[in-house]
Amino acid sequence: MRKTALTIAGSDCSGGAGIQADIKTMMANGVYAMSAVTALTAQNTQGVEAVMNVPPDFLAKQLNCVFTDIFPDAVKIGMMSSAALIRVTAEKLKEYGACRIVLDPVMISTSGSRLLDEDAVRVLQEELLPLASLVTPNIPEAEALAGMPVAEAEDMAQAARKIGDRCQTAVLVKGGHRIQDANDLLYLPSSGRLVWFEGERIENSNTHGTGCTLSSAIAANLAKGYGLTEAVERAKSYLSDALRAMLDLGKGSGPMDHGFAVGGRYGEALL
């Protein structure tokens, strides 16, 4: 039987990020993809014109429909711009006993725009992070979650430990916002291990939605039964192949575009 994965995220009408990128990635990685929409965005690779959140009770109905019919083997969570949506998601994940949850904490865009208010960030940390199997912050998000600056490899390790130990959640700090290299760091609080994934920077201006793609590929590989470390490695390699394909559709970044690092051998081009 084919494995299944659910994305809980915002819609990107240009197709490069959000649930559109998630569904493409999950299907390309061999799992059946489902979605629960948290927001509609009017955006493209150049920027965002408008965001319209769905009502929390409507998000709850979407999640009820998915979990009571086609139970997902893994869940990826992306854009959630309000505390109410975060609370509903946490409640439903606990109600249905969801597992293999990958949380991409869409808090700060690549351009530096803050996408969550302080109250929503608090709810995210208190109610959603402890449910996650893995959280995948970029450098600015790791700084916000850990409450410390992150500039060097040692800072990435310290921030990952602070986030992971507080919530007993594995943490992948993405190094794509760093100037010196493109390495990512996985922290496993259950064992205290730090696992570095060395990456190369690929000169490709079309990086819209790379954070969504990475976290969705990880969720897809977890759904297929891979362990966390191998799921991350395979997802990073898939993303690397997608970037090397050099698909030229446009330039820019939107609110669901996150820092990342790539490298490795697995997977096919995204499109």
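None of the values given here were measured: they were computed from a predicted structure.

## Re the pattern of salt bridges
Here's step 1: Considering all chains together, one arrives at seven salt bridges under this definition.
Here's step 2: A salt bridge links Arg87 to Glu127; its shortest N-O distance comes to 3.5 Å. Here Glu127 lies in helix H4 (residues 118–128) and Arg87 lies in helix H3 (residues 83–96), a separation of 40 residues in the sequence.
Here's step 3: Residue class for Arg87 comes out partly exposed when judged on its relative accessible area of 30%.

## What to know about the environment of Val121
Here's step 1: By the element assignment, Val121 lies in helix H4.
Here's step 2: Here the alpha-carbon distance between Val121 and Met107, two residues 14 residues apart in the chain, equals 7.8 Å.

## What to know about the packing of aromatic side chains
Here's step 1: Under the criterion given, the structure shown has two aromatic pairs.
Here's step 2: A centroid spacing of 5.3 Å and a plane angle of 70° characterise the contact between Phe67 and Phe71, whose relative ring orientation is edge-to-face.
Here's step 3: Aromatic pair Phe67 and Tyr96: ring centres 5.1 Å apart, planes at 0°, arrangement stacked. Linking Phe67 in helix H2 (residues 56–67) with Tyr96 in helix H3, this pair joins segments that are 29 residues apart in sequence.
Here's step 4: Relative accessible area serves as the criterion here: at 5%, Phe67 is assigned to the buried category.
Here's step 5: Through successive ring pairs, a cluster of aromatic residues spans Phe67, Phe71 and Tyr96.

## Considering the sheet that holds strand S2 (residues 32–44)
Here's step 1: Strand order in this open sheet of nine strands is S3-S2-S1-S4-S5-S6-S7-S8-S9, and the pairing throughout is mixed. With partners counted over all chains shown, the strands left at the sheet margins are strand S3 (47–53) and strand S9 (193–197), one partner each.
Here's step 2: Here three bridges tie strand S4 (residues 74–77) to strand S5 (residues 101–103), and the two strands are oriented parallel to one another. Opposite Ile77, over in S5, you have Leu103 as the bridge partner.

## Let's talk about the nonpolar core
Here's step 1: With 51 residues, the main nonpolar core has Leu6, Ile8, Val75, Ile77, Leu93 and Leu128 as its most contacted residues.
Here's step 2: Once residues lying within four places of it in the same chain are set aside, the contact partners of Val75 are Leu6, Ile8, Phe67, Leu93, Ala98, Cys99, Arg100, Ile101, Val102 and Ala219.

## Section: the pairing of S4
Here's step 1: Side chains of S4 alternate between two faces, with Ala74 and Lys76 and Val75 and Ile77 buried alike.
Here's step 2: Pairing geometry for strand S1 (residues 4–12) and S4, over four bridges, is parallel. Each residue of the ladder has a partner; that of Ala5, found in S4, is Ala74.

## Details of the confidence of the model for the protein chain
Here's step 1: Of the residues in the protein chain, 80% have a pLDDT of 70 or more, and the chain-wide mean is 84.
Here's step 2: Low pLDDT (under 50) marks residues 249–271, which in the prediction has 111 contacts with non-local residues, meaning those over four places away or in another chain.

## What to know about a nonpolar patch on the surface
Here's step 1: Taken together, the side chains of Met27, Tyr32 and Ile70 define a hydrophobic patch exposed on the protein surface, amounting to about 240 Å² of accessible area.
Here's step 2: Here Tyr32 is to be found in strand S2.

## Looking at the pairing of S1
Here's step 1: Summarising burial for S1: nine of the nine residues are buried, a large majority.
Here's step 2: Bridge count between S1 and S2: nine bridges; the pairing is parallel. Following the sheet pairing, Ser11 is matched in S2 by Leu40.
Here's step 3: Tracing the backbone out of S1, into helix H1 (residues 18–28) and back to the parallel element S2 gives a crossover that is right-handed.

What counts and how
Residue numbers restart at each chain and count upward from 1, following the sequence in its written direction. Residues qualify for local features only when their pLDDT is at least 70, as the model is predicted, and side-chain atom pairs are given and counted only at 80 or more; totals for whole chains, interfaces and linings, by contrast, use all residues. To get the side-chain values, all heavy atoms of the structure are used, and hydrogens and water are removed first. Any carboxyl oxygen of Asp or Glu that lies within 4 Å of a side-chain nitrogen of Lys or Arg is treated as forming a salt bridge with it. Numbering of helices and strands starts at the N terminus; helices are DSSP runs of H or I of at least 4 residues and strands are runs of E of at least 2. Burial classes follow relative accessibility: with a 1.4 Å probe on protein chains only, a residue under 20% of its type's maximum area counts as buried, one over 50% as exposed, and anything between as partly exposed. Between 30 and 60 degrees the pair is tilted, below 30 it is stacked and above 60 it is edge-to-face, where a pair is any two Phe, Tyr or Trp rings, Trp via its six-membered ring, whose centres lie within 6.5 Å. When DSSP finds two or more bridges between two strands, those strands count as paired. The term nonpolar core refers to a set of buried residues drawn from Ala, Val, Leu, Ile, Met, Phe, Trp, Tyr and Cys, joined through side-chain atoms within 4.5 Å. What makes two residues a contact is simply this: any of their non-hydrogen atoms within 4.5 Å. In predicted models, pLDDT denotes the confidence assigned by the predictor to each residue on a 0 to 100 scale. Each patch groups residues whose relative accessible area exceeds 30% and which form no salt bridge, using 9 Å between like charges and 5 Å between nonpolar side chains of Val, Leu, Ile, Met, Phe, Trp and Tyr. Per-residue and other accessible areas follow the Shrake-Rupley method at a 1.4 Å probe size, with only the shown protein chains counted as cover for residues. Look down the strands so they point away from you; if going from the first strand over the helix to the second traces a clockwise path, that crossover is right-handed.

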